[in-house]
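As a plain string of letters, each chain reads:
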Amino acid sequence: MIWNEKIECASREYMKAVQSERLIETVKRIYHNIPSYRQKMQAAGLVPDDIKSIDDLSKLPFTVKTDLRDNYPFGMFTVPMSEIVRIHASSGTTGKPTVVGYTRKDLNSWAEVVTRSLCMAGVHREDIVQVAYGYGLFTGGLGLHYGCENLGASVIPISGGNTEKQLQLMQDFGTTVLACTPSYSLYLAEEMEAAGIKKEDLKLRIGIFGAEPWTENMRKEIESKLGIKAIDIYGLSEIIGPGVSCECEHQAGMHVNEDHFIPEIVDPETLQPLPAGEIGELVFTTITKEGIPLIRYRTRDLTRLNYDKCACGRTLVRMEKCKGRSDDMLIIRGVNVFPSQIESVLLEMSETAPHYLLIVERDGNLDTLKLMVEVQEQFFSDEIRQLEALRKKITHKLQSTLGISVDVKLVEPKTIERTAGKAKRVIDNRKM
Amino acid sequence: MIIKQLSVFLENKTGRLNEVTQILGNAGINMSAFSVADTSEFGILRMIVSEPEKALTILREAEFSVRLTDVICLSCPNEPGALARALNILSGESVFIEYLYAYSMDNKSANIVLKPDNIQKCIEVLQAHKMELISASEMYKI
């Protein structure tokens, strides 16, 4: 079923007209409410009237993650707090989180795009959806939740973790749709096997997976182990959360809800727009948001766009699975991790940050983080208990900063290889 | 009375201890006492050497994490109960010992390297009880 056929199957001409009208409004809203972006526009010699249609989009300056941090927490909101009804946050590049606020209308738009996504995936109102994304500051859980309710499906808001209960409810309630990270779905499959639960014992038919990168091979594995269709959903909290784009049953790219979020692909070096079909950095402009609208927000995700009409009948532009990142962000179990966050934790321990190396492994189906820290003299005590205490302190600090556990190992100076004087910070051994 | 002990951070890897001893040997530095404290992942090599400052410099140049730590060395008669008497005195005066190791050169006496939490107090307590402490110059010479 197509939830909003008028817009999802619209002609390019109609879509451009909708986008142009909304873009003009958004630019005005931001120009008059956000001093930092107004300054950027003025520096580029632009006033809102210069933006007459979507064709003028590429004239506008970019927004980056640090703009949100510099305006922490609410400085990028274009409405008074009395209009904000929800706040979410995700990890930022350093200590401070990236904060987003939603008005009532924003929550309705979000529910709309998630509902469309669910319909793309083949979910309908008879379905029982187990939402095993985390509920809380993370947008995954609540984002899926309100979309399901809007569609009229039955939601089980179980949140993440508690695998035994997940499996119990899946059997007892006859869950038909599972929404979680792809790696967690594989973990569930393993636990099912260990508990002697066969896929035939379950009523699962669809999985809505996102919040971390996954491969076509993982898709095949998930589909065969759980006996479901595995659908890729994409989103980021800065733009709205899950539902920015989603695959349809043809699994041939994720349809972008472009009447809400205009996608562009730019060269990450020159920042010049690239023609359709070329791989580059994905940039979004939100055109319906009130809480925190963003113009040309650099996602740092690398992908390409396909404007061909899909076999499902939708004309919404499709984006391919992300090919990687144009920065050093890692996604570990759905959590964004920046090496700079680790550096700031280590800097709290001594005046100069020690050399460190972050090693990411996929152990079975779960990502693990190991941090090697060189014990330079400022760290070195000749008492074992002090070194153990240091190790525990780093472990604890990282856990509370990143929200995931890190195995910390103390190593000798110069253990970590330097290339051209610069230390390599991350080794990602996961096969993506 | 205070002796400069050389401490080196080592990972539990084959050949690391060998490297340290070789560097010191090539520099003509003698080791008179030696101990390794280890955990599952790393160890701390502690030793008394003939020229602590020089050893510190050359190991630092070889990019080891090293430091000098103040310790004292107690000489006990090499007979049953001697160590117990010394430790009894220290615990009676609430001197906490972080770690210790011992070596013996002959049948008459045994030497114990001690790292107390409060080194001045430890020296005072031991001297008040007429315990024999080995001087630094004597120690480096061995």
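This one's a predicted model, so the numbers in the text were calculated from it and none came from an experiment.

Peer 1: Tell me about the pairing of strand β11 (residues 280-286) of chain A, residues and numbers included.
Peer 2: Within a regular strand, the side chains alternate between the two sheet faces. Residues and elements named next belong to chain A. Taken across its 7 residues, β11 has 7 buried, putting it largely inside the fold. Judged from the 4 bridges that link them, β11 and strand β12 (residues 297-303) form a sheet pairing that is antiparallel. The residue bridging Phe284 from the neighbouring strand is Tyr297, located in β12.

Peer 1: Provide a residue-level description of the pairing of strand β6 (residues 206-209) of chain A, including the pertinent values.
Peer 2: Residues and elements named next belong to chain A. Alternating residues of β6 divide into Ile206 and Ile208 and Gly207 and Phe209, and every residue in both groups is buried. Two strands pair when backbone bridges link them, and strand β5 (residues 177-180) and β6 are joined in this way by 4 bridges, in the parallel orientation. Its bridge partner lying in β6, Ala179 is registered against Ile208. In this fold, the crossover linking β5 to β6 by way of helix α8 (residues 182-194) has right-handed handedness. Two strands pair when backbone bridges link them, and β6 and strand β7 (residues 229-236) are joined in this way by 4 bridges, in the parallel orientation. Paired with Phe209 across the two strands is Asp232, which belongs to β7. Each parallel crossover has a hand, and the one from β6 via helix α9 (residues 216-226) to β7 is right-handed.

Peer 1: Tell me about the interface of chain B and chain A, and name the residues and values.
Peer 2: Across the contact, 16 residues belong to chain B and 14 residues belong to chain A. The set of elements that each furnish at least two residues to the side of chain B that touches chain A consists of β1 (3-11), β3 (42-49) and β4 (66-77) of chain B. In terms of residue count, the dominant contributor to the side of chain B that touches chain A is β1 of chain B (4 residues). For the side of chain B that touches chain A, the residue count by class is 6 nonpolar, 4 polar and 6 charged.

Peer 1: Quick rundown of the environment of Gly160 of chain A? Include the residues and the values.
Peer 2: All names here are of chain A. By the secondary structure assignment, Gly160 is in the loop between β4 (154-156) and α7 (163-172). Considered as a pair, Gly160 and Glu149 are 11 residues apart in the sequence and their alpha carbons are 19 Å apart. Filtering out sequence-adjacent residues up to four positions away, Gly160 remains in contact with Ala132, Tyr133 and Gly134.

Peer 1: Residues and numbers for the domain arrangement of chain A, please.
Peer 2: Residue and element names in this part refer to chain A. Domains assigned within chain A are domain 1 (81-327) and domain 2 (332-428). The distance between the C-alpha centroids of domain 1 and domain 2 comes to 31 Å. Listed as interface residues are 13 residues of domain 1 and, on the opposing side, 14 residues of domain 2. The dominant element in the side of domain 1 that touches domain 2, judged by the number of residues it contributes, is α8, at 4 residues. The residue makeup of the side of domain 1 that touches domain 2, split by class, is 3 nonpolar, 8 polar and 2 charged.

Peer 1: A description of helix α2 (residues 52-61) of chain B should follow, citing residues and the corresponding values.
Peer 2: All names here are of chain B. Along α2, the positions that sit buried rather than exposed are Pro52, Ala55 and Leu59. Projection of α2 onto a plane perpendicular to its axis shows the buried side chains occupying an angular sector of 60°, all on one side. Exposed positions of α2 whose direction lies more than 90 degrees from the buried face are Glu53 and Glu61. Two residues or fewer after α2 comes Glu63, characterised by a positive phi angle close to 65°.

Peer 1: So what's going on with the sheet that holds strand β10 (residues 261-266) of chain A? Residues and values would help.
Peer 2: With respect to topology, 4 strands assemble into an open sheet ordered β10-β11-β12-β15 (chain A), the strand pairing being antiparallel. The open sheet is flanked by β10 and β15 (324-325) of chain A, the only strands paired with a single partner.

Peer 1: Which residues make up the sheet that holds strand β23 (residues 426-428) of chain A, and what are the values?
Peer 2: Residues and elements named next belong to chain A. Pairing is mixed across the open sheet formed by 4 strands, whose spatial order is β20-β19-β18-β23. Strand pairing shows two members of the sheet lacking a second neighbour, β20 (407-411) and β23, which therefore form its edges. For this sheet the average axis-to-axis angle between neighbouring strands, irrespective of direction, equals 20°. When strand β19 (residues 366-374) meets β20, the two strands line up parallel, connected through 5 bridges. Along β20, the bridge assignment pairs Lys370 with Asp407. Along the sheet, helix α10 (residues 339-347) makes contact with β18 (356-363), β19 and β23, crossing β18 at roughly 130°.

Thresholds, definitions, all that
Residues numbered from 1 in each chain as written. Chains lettered and ligands numbered in written order. Predicted model: local features only at pLDDT ≥ 70, side-chain atom pairs only at ≥ 80, totals over all residues. Buried ≥ 20, exposed ≤ 12 C-beta atoms within 10 Å, placed from the backbone. Helix = DSSP H or I, 4+ residues; strand = E, 2+ residues; numbered from the N terminus. Pairing = 2+ DSSP bridges. Right-handed = clockwise from strand over helix to strand, strands pointing away. Contact = placed C-beta atoms within 7 Å. Nonpolar A, V, L, I, M, F, W, Y, C, P; charged D, E, K, R; others polar. Domains from an automatic or database assignment. Arc of directions from axis to C-beta. Axes fitted to C-alpha atoms, helices over the stretch in contact; angles between N-to-C directions.

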